[in-house]
Amino acid sequence: MDRAGRLPLLGILLLITMLIAAGCGGNNKAGNGNAEPSNAPSAEPGNDAEAGSDTVLSQITERDKLIAGVKFDTKLFGLKDPGSGNVEGFDIDIAKAIAKKLLGDETKLELKEVTSKTRMPMLNNGEIDLIVATMTVTDERKKEVDFSEIYFNAGQSLLVKKGSAIRGLDDVTKDTKVVGVKGATSIKNIEDKVEGLRVQQFENYQEAFNALKAGQGDVLTTDNAILYGMTKQDSNYEVVGGTFTDEPYGIAIKKGQADLVTAVNEVIAELKSSGEYDRIYEKWIGEKPETKQ
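Residues numbered from 1 in each chain as written. Predicted model: local features only at pLDDT ≥ 70, side-chain atom pairs only at ≥ 80, totals over all residues. Heavy atoms only, no water.

Draft legend 1. Structural context of the sheet that holds strand E12 (residues 219-223). Spatial ordering of the open sheet is given by E11-E10-E12-E9-E13, a layout of 5 strands whose pairing is mixed. The open sheet is flanked by strand E11 (200-202) and strand E13 (237-240), the only strands paired with a single partner. Taking the axes of each pair of neighbouring strands and ignoring which way they run, one obtains an average angle of 35° across the sheet. One ladder, built from 4 bridges, connects strand E9 (residues 156-161) with E12; its direction is antiparallel. Looking at E12, one finds that Gln-156 is bridged to Asp-223. Where helix H7 (residues 185-193) meets the sheet, it contacts E9, strand E10 (178-181), E11 and E12, and its direction lies at approximately 85° from that of E9. (Pairing = 2+ DSSP bridges. Helix = DSSP H or I, 4+ residues; strand = E, 2+ residues; numbered from the N terminus. Axes fitted to C-alpha atoms, helices over the stretch in contact; angles between N-to-C directions. Contact = heavy atoms within 4.5 Å.)

Here it is as structure tokens:
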């Protein structure tokens, strides 16, 4: 082949070489950042890599709404009116005060129903910002969540139908039919105090109270403040025997959210120093708080 014939052939070979190089270079580029590597962090909501330094407090501010987990079945603390749909109680007023402090308006508040069983999972998976739901502060729970300062002091007691032979903890035996609520510390407390006792557990307080009234139990046990709410629902029942535990309530917050814990503690301190706490307490409990409050 003459020189003129070789030149086009060389040009073709050069072009093929350039195309192959370009293709290889493109693959390397994708592997170095244009395509997501297989071990890249997920972009699911709540992923630390996606959220960066974002905090629950900043999320509350950005959405302009506080989402609080509260009880819907606990008279005096959090009870939903089936007619109006409104949820009212001591805990609800505390949640409103937190919303007002954080967002300047107590109505910028969404109330989500929790039970003793569901409240910590809902907090830790991000469904709610905090828990204001008659939650006793314990060392075991502190391993999973952080708590505010104590905002209410209760104690475990017993609820019975008037005329019951059970007048206190000493009258409860392993054969007594005791009812309680799943996830509440009161179950373990009374089982520890009465050897061989097994408590029948229900999903929420209304179910437990209905079971007591239906004769499925002889006694219902939980915090006295909750039981007093039941006596207001039905005067045929009474709280007996005083208290046999200390049940300090705190507001639960997801671990690592120190700025939100601080903000909530400021609300509690301001409510107490201003006298507003006493007004809320007397409004729902019917008496002034003890000095330890």
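Here the narrative resumes, following the displayed structure.
Draft legend 2. Inspection of the pairing of E12 at higher detail. Across the 5 residues that make up E12, a large majority, 5, are buried. Pairing geometry for E10 and E12, over 2 bridges, is parallel. Note on E12: the bridge partner recorded for Val-179 is Leu-220. (Buried < 20%, exposed > 50% of the residue type's maximum accessible area, 1.4 Å probe, protein only.)

Draft legend 3. Highlighting the pattern of salt bridges. Under the defined criterion, the tally for this structure stands at 15 salt bridges. Residues Arg-63 and Asp-129 are paired through a salt bridge, measuring 2.7 Å at the closest nitrogen-oxygen approach. Residue Arg-63 is found in helix H3 (residues 56-63), and its partner Asp-129 is found in the loop between helix H5 (119-124) and strand E6 (130-131); the two are separated by 66 residues along the sequence. Residue Arg-63 is classed as partly exposed on the basis of its relative accessible area, which comes to 33%. Between Glu-266 and Lys-101 there is a salt bridge, and its shortest N-O distance comes to 3.7 Å. Note that Glu-266 is positioned in helix H10 (residues 258-274) and Lys-101 in helix H4 (residues 90-103), a separation of 165 residues in sequence. Under the relative-accessibility criterion, Lys-101 is labelled partly exposed at 35%. A cluster of three or more residues bridged by salt bridges with shared partners is formed by Lys-101, Glu-266 and Glu-270. (Salt bridge = Lys/Arg side-chain N within 4 Å of Asp/Glu carboxyl O.)

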